[in-house]
Amino acid sequence: MPPTDASTDAGTAPATERAAELATDTGPRSGPGSGSGASTDGEDTLDLRLPDELIALFAGEAGTRGGATGDATAGDIADVSGGDIGDVSGGGRGERRRTAEPPAVVPADDLLDRVGGWGPTGTPVGVFHLVPVRVERDLTLIARWMNDPAVAAFWELAGPESVAEEHLRRQLEGDGRSVPCLGMLDGTPMSYWEIYRADLDLLARHYPARPHDTGIHLLIGGVANRGRGLGSTLLRAVADHVLDKRPSCARVVAEPDLRNTPSVSAFLSAGFRFSAEVDLPDKRAALMVRDRALRDLL
């Protein structure tokens, strides 16, 4: 699946001009002639303020790569793939992401408030813990899950271990905007998660993103754990864990494939609301949103 180009006339334009261009290119592509087919509800208003990390990213490029003029070249943009859309019944398919090289001013994993240090959280089904992936320890297990036909149908990462390894390393060697994790339930690995900055992702071009929107991708690894409500329970627990650990985040979002009815249903049961249908490069997705303001009501 070819990566989607996230650059916007990088060329030799000054970093401040490129930041302004990006600010006008993050809203919903809806309405006549927009080409995205996205529809949004009245609550999801467009906020054109750039996240502080993104401003720092451009400032870092200007100061360290552009010399005295502060210019950045097209060669400064690196192709790094992010995670695929999550699904509780066996994965989810999503767009590859194209991200900039990590600037020195933003330490890795700071973009998500250090997921590795969040610790465990209690759930009705046991103690759950997101543990950042280590390739040398976890690759064989994750690759086996990716080769399950129910997972492969949406994640499209079946094949030799090298396929899953490449997917993981693109996140682990990136700037920390997407963190792959194992989901440990009472100490046993049973799911794969990707916690990512939706407002810094190409997804932000397809809905009215707000600063610090945090996305979730999920697959339940074992067949025995699917189809009995476990996914909904963990989705709710993880979404609320994100809100607890990221006070700057007002919304947790997800983009299951519209064809994946069990996944959409699981998000609804987990307290997410359906916000819009969104045309992504390789699928039509259901934009699901869990709002901090509504977490005690849904």
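Cut-off values and rules
- Residues numbered from 1 in each chain as written.
- Predicted model: local features only at pLDDT ≥ 70, side-chain atom pairs only at ≥ 80, totals over all residues.
- Heavy atoms only, no water.
- Core = buried A, V, L, I, M, F, W, Y, C linked by side-chain atoms within 4.5 Å.
- Buried < 20%, exposed > 50% of the residue type's maximum accessible area, 1.4 Å probe, protein only.
- Helix = DSSP H or I, 4+ residues; strand = E, 2+ residues; numbered from the N terminus.
- Contact = heavy atoms within 4.5 Å.
- Pairing = 2+ DSSP bridges.
- Axes fitted to C-alpha atoms, helices over the stretch in contact; angles between N-to-C directions.
- Polar contact = N/O pair within 3.5 Å; in protein donor to acceptor, adjacent residues only side chain to side chain.
- Salt bridge = Lys/Arg side-chain N within 4 Å of Asp/Glu carboxyl O.

> Would you take a moment to explain the nonpolar core for this structure?
Note that soluble globular proteins tend to have their nonpolar side chains buried in a common cluster. Grouped together as the largest cluster of nonpolar side chains are 31 residues, with contacts concentrated most on F128, L130, W193, I216, L235, V238 and V252. Mapped by element, the contributors of at least two residues to this core are strand 2 (126-132), strand 3 (178-185), strand 4 (188-197), strand 5 (214-220), helix 6 (230-245), strand 6 (251-254), helix 7 (261-269) and strand 8 (283-291). Here this core gets 7 residues from one element, more than from any other, and that element is helix 6. Not counting chain neighbours up to four residues away, the residues in contact with V252 comprise T214, I216, A239, V242, L243, F272, M288, V289 and R290. Core analysis: the second largest hydrophobic core is formed by 18 residues, I142, F154, L182 and L219 among them.

> Which parts of the structure should I look at to understand the sheet that holds strand 2?
The pairing of strands in a sheet happens through backbone hydrogen bonds and is either parallel or antiparallel. Read across the sheet, 8 strands follow the order 1-2-3-4-5-6-8-7 without closing on themselves; strand pairing throughout is mixed. Each having just a single partner strand, strand 1 (121-123) and strand 7 (273-280) make up the two edges of the open sheet. Ignoring strand direction, the axes of neighbouring strands in this sheet form an average angle of 30°. Sheet analysis places strand 5 next to strand 6, joined by 2 bridges and oriented parallel. The residue of strand 6 that forms the bridge with T214 is V252. Helix 7 rests against strand 6, strand 7 and strand 8 of the sheet, and its axis sits at about 10° to strand 8.

> Got a minute to help me understand the environment of G227 in this structure?
Considering the arrangement of structural elements, one finds G227 in the loop between strand 5 and helix 6. A C-alpha to C-alpha distance of 8.2 Å links G227 and P262, two positions 35 residues apart in sequence.

> Can you walk me through the environment of R295 in this structure?
Within the secondary structure, R295 sits in the segment after strand 8. Taking the C-alpha atoms as reference, R295 lies 7.7 Å from D240; in sequence the two are 55 residues apart. Sequence-distant contacts of R295, defined by excluding residues within four places in its chain, comprise D240, L243, D244 and R290. A distance of 3.1 Å separates the side chain of R295 from the side chain of D244, its partner in a polar contact.

> Would you mind showing me how to read the pattern of salt bridges here?
Any two side chains of opposite charge can pair, on the condition that their charged atoms come close. Overall, the coordinates contain 18 salt bridges when judged by the stated rule. Where E136 meets R134, a salt bridge forms, and the shortest distance between an N and an O atom there is 3.4 Å. Relative accessible area serves as the criterion here: at 66%, E136 is assigned to the exposed category. The class of R134 is partly exposed, set by a relative accessible area of 43%. Among the salt bridges present, the one from R259 reaches D257, with a minimum N-O distance of 2.8 Å. Overall, the relative accessible area of 55% leaves R259 in the exposed class.

> What am I meant to see in the side chain of T214 here?
Counting through the fold element by element, T214 comes out in strand 5. Residue class for T214 comes out buried when judged on its relative accessible area of 0%. At 3.1 Å, the side chain of T214 forms a polar contact with the backbone oxygen of H212. The contact partners of T214, leaving out residues within four places of it in the chain, are L112, I195, Y196, A198, V242, R246, C249, R251, V252 and V253.

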